[in-house]
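Chain residues, written in single-letter form:
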Amino acid sequence: MKTRTFTPMGSLHPILFFVVVYVVALMLSIFICSSLFYTFNSSSEKIGDVEKSQQQMPGSTVVAASTVALHR
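Residues numbered from 1 in each chain as written. Predicted model: local features only at pLDDT ≥ 70, side-chain atom pairs only at ≥ 80, totals over all residues. Heavy atoms only, no water.

Re the overall build of the chain
Quick note on the threshold: Segments assigned H or I by DSSP are reported as helices when at least four residues long, segments assigned E as strands when at least two residues long, and all are numbered from the N terminus. Burial status follows relative accessibility: with a 1.4 Å probe on protein chains alone, a residue under 20% of its type maximum counts as buried, one over 50% as exposed, and anything between as partly exposed. The Shrake-Rupley method, run with a 1.4 Å probe sphere, supplies the accessible areas, and residue values consider only the shown protein chains as cover.
A tally of helices and strands in the chain yields 2 helices and 0 strands. Counting all 72 residues of the chain, 0% fall into the buried class. Carbon and sulfur atoms make up 69% of the accessible area of the chain, which amounts to about 7400 Å² in all.

Overview of the packing of aromatic side chains
The way to describe two aromatic rings as a pair is by their centre distance and the angle between their planes. What counts here: Between 30 and 60 degrees the pair is tilted, below 30 it is stacked and above 60 it is edge-to-face, where a pair is any two Phe, Tyr or Trp rings, Trp via its six-membered ring, whose centres lie within 6.5 Å.
In the structure shown here, the tally under the stated rule is 2 aromatic pairs. Here the aromatic rings of Phe37 and Tyr38 are separated by 5.4 Å at their centres, their planes lie at 70°, and the arrangement is edge-to-face.

Some details on a nonpolar patch on the surface
Formally: Like charges within 9 Å and nonpolar side chains (Val, Leu, Ile, Met, Phe, Trp, Tyr) within 5 Å are joined into patches, using only residues over 30% in relative accessible area that form no salt bridge. Salt bridge, as used here, is a side-chain nitrogen of Lys or Arg placed within 4 Å of a carboxyl oxygen of Asp or Glu.
Judged by side-chain polarity, Met9, Leu12, Ile15, Leu16, Val19, Tyr22, Val23, Leu26, Met27 and Ile30 come together as a nonpolar surface patch covering roughly 950 Å² of accessible area. With respect to the helices and strands, the residue Met27 is situated in helix 1 (residues 8-40).

Quick word on helix 1
Heads up, the rule is: Here the expected length of a helix is defined as 1.5 Å per residue gap, with one fewer gap than residues. Bend at a given residue is defined as the angle between two axes, one fitted to the seven residues that end at that position and one fitted to the seven that begin there.
Taking 1.5 Å as the rise per residue, helix 1 with 33 residues should run 48 Å; its terminal C-alpha atoms sit 47 Å apart, in good agreement. Along its length, helix 1 shows its largest kink, about 40°, at Pro14.

Structure (structure tokens):
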């Protein structure tokens, strides 16, 4: 009766699979969290500069998002 021999790569396959899954999940979470961080912590000066440059252009109409009125 022949005994089964396992190659080192075959026996490490589940461990390597979960290491790769962990690394991919870690990279995605870092990307998502940093995107949210930079979105919520963006300075309002950049937004004001965009509005000022749009107002200086002739013929452009600028509607401020903060002046939207609610109608009931």
